[in-house]
Amino acid sequence: MDLILLGPPGAGKGTQAKMLVDRYGIPQISTGDILRAAVREGTPMGIKAKEYMDAGDLVPDEVVVGIVQERLQQEDCADGFILDGFPRTVAQADALEDSLKESGRGIDAVISLDVDIEALVGRLTGRRTCKDCGAGYHVKFDPPKTDLICDKCGGELIQRQDDQESTIRERLDVYRRQTAPLVDYYSQKGILFRVDGMAPIDSVQSEIVQIVKGLT
Ligand code: AP5
Ligand code: MG
Ligand code: ZN
């Protein structure tokens, strides 16, 4: 089962992907998470990517396409994967299709999380992420049991560098210009499924699970 979660910043891609990992045992591939790990480790790629990410812009296609191609070849992707935050441009989508074709596979479903763009600023400014295990929270919509402490591992909850309001506005703008065309792109291929991303987290998950059931 090869899935893509598509949606603007704050739509809930990461939240839903993590729940799907627990349910189906296939990996989440988040280009954002991979890039943030490279930034933390200070690799040459991370140092370059940081400038784009802090500005809210996209990292160049060839960099992210390379990351994903390498990741998809790992053994844990043999039975499927959940792409979160990739592809984000038509060029990335074309490159993905080509490399999957080479290994005789293709995307089964693209799940579009449909949201009200204005609600996303509130979601992103309230987001908190565990420094140690990456679990995601929201101060209002999905709070941890104890302030600033991860329920799962006790780690410290931090705010992402790019979750400042001005950077969020730029990311939303970049989404409108560069990523939103992928909704039509996948709709034309007949593999787009739309989900109401404004519903509560568990309802969104149920809708996705229904779609996945329909695939098999
Ligand atoms: P990335 O990390 O992918 O960020 P993003 O796309 O901006 O998306 P987010 O992670 O902000 O949102 P999400 O949809 O995962 O929402 P979440 O589930 O956390 O990318 C970061 C940067 O890396 C990019 O700007 C770019 O520079 C670079 N990059 C990454 N991929 C790239 C690519 N392919 N090409 C080029 N550059 C790339 O939810 C948000 C908050 O809302 C949470 O607090 C959550 O608890 C809450 N929430 C979730 N669902 C709900 C709900 N249903 N109701 C209420 N609250 C909810
Ligand atoms: Mg995310
Ligand atoms: Zn944690």
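Here is what the cut-offs are and how they apply
Residues numbered from 1 in each chain as written. Chains lettered and ligands numbered in written order. Predicted model: local features only at pLDDT ≥ 70, side-chain atom pairs only at ≥ 80, totals over all residues. Heavy atoms only, no water. Pairing = 2+ DSSP bridges. Helix = DSSP H or I, 4+ residues; strand = E, 2+ residues; numbered from the N terminus. Axes fitted to C-alpha atoms, helices over the stretch in contact; angles between N-to-C directions. Salt bridge = Lys/Arg side-chain N within 4 Å of Asp/Glu carboxyl O. 1 Å grid on protein atoms, 1.4 Å probe; cavity = no way out; pocket = protein on both sides within 12 Å on 5 of 7 lines; lining within 4 Å. Points joined across faces, edges and corners; volume = space filled by probe spheres on them. Nonpolar A, V, L, I, M, F, W, Y, C, P; charged D, E, K, R; others polar. Near = heavy atom within 4 Å. Polar contact = N/O pair within 3.5 Å; in protein donor to acceptor, adjacent residues only side chain to side chain. Areas by Shrake-Rupley, 256 points an atom, 1.4 Å probe, with all protein chains shown as cover. Donors = N, O, S within 2.8 Å, 3.2 Å for Na, K, Ca; no water. Tetrahedral: all angles 85-135°; square planar, octahedral: opposite > 155°, others 65-115°. Buried < 20%, exposed > 50% of the residue type's maximum accessible area, 1.4 Å probe, protein only.

(A) Seen up close, the sheet that holds strand S1 (residues 2-6). If you trace the five strands from one edge of the open sheet to the other, you get S2-S3-S1-S4-S8, paired in parallel fashion. Unpaired on one side and paired on the other, strand S2 (28-30) and strand S8 (192-196) mark the two borders of the sheet. Averaged over all pairs of adjacent strands, the angle between strand axes in this sheet comes to 25 degrees, irrespective of strand direction. Here strand S4 (residues 109-114) runs beside S8; their pairing, made up of five bridges, is parallel.

(B) Up close: the pattern of salt bridges. Within this structure, the stated rule accounts for 17 salt bridges. The shortest N-O distance in the salt bridge between Glu156 and Lys131 comes to 3.8 Å. With Glu156 in the loop between strand S6 (136-138) and strand S7 (157-158) and Lys131 in the loop between strand S5 (127-130) and S6, this residue pair connects regions lying 25 residues apart in the sequence. Residues joined by salt bridges that share partners form a network here, namely Arg127, Arg160, Asp162, Asp163 and Arg171.

(C) Representation of the layout of surface pockets in the model. Quantified by volume, the second largest pocket comes out at close to 180 Å³. In this structure, the second largest pocket is lined by Gln69, Leu72, Gln73, Ser99, Leu100, Glu102, Ser103 and Arg105. Contributing elements (two or more residues each) for the lining of the second largest pocket: helix H4 (61-72) and helix H5 (90-102). The element that contributes the greatest number of residues to the lining of the second largest pocket is H5, accounting for three residues. Tallied by class, residues from the lining of the second largest pocket come to two nonpolar, four polar and two charged.

(D) How the structure looks around the site of ligand 1. By nearness alone, 34 residues border ligand 1, and Thr15, Asp57, Arg88, Arg127 and Tyr137 come closest of all. In the environment of ligand 1, an oxygen atom lies 2.9 Å from a nitrogen or oxygen atom belonging to the backbone of Gly14. Separating a nitrogen atom of ligand 1 from a side-chain N or O atom of Thr31 is a distance of 2.7 Å. Out of a free accessible area of 1000 Å², ligand 1 has 95% covered by protein chains. Among the elements of the structure, helix H1 (13-24), helix H2 (31-41), helix H6 (117-125) and S6 are those that each provide at least two residues to the shell around ligand 1.

(E) Layout of the coordination of the zinc ion (ligand 3). Listed as protein donors to the zinc ion (ligand 3) are Cys130 (SG), Cys133 (SG), Cys150 (SG) and Cys153 (SG); their distances from the metal cover 2.3 to 2.4 Å. Seen from the zinc ion (ligand 3), its four donor atoms lie at angles of 98 to 116 degrees, and the figure they make is tetrahedral. Written as a sequence motif, the donor residues of the zinc ion (ligand 3) are C-x2-C-x16-C-x2-C. Here the residue Cys130 occupies a position in strand S5, and Cys153 occupies one in the loop between S6 and S7, the gap between them amounting to 23 residues. Overall, Cys130 belongs to the buried group, its relative accessible area being 4%.

(F) Layout of the sheet that holds S7. If you trace the three strands from one edge of the open sheet to the other, you get S6-S5-S7, paired in antiparallel fashion. Because the sheet does not close on itself, it has two edges, and the strands there are S6 and S7. Here S5 pairs with S7 via two bridges, running antiparallel. Residue pairing in the sheet places Cys130 in a bridge with Leu157 of S7.

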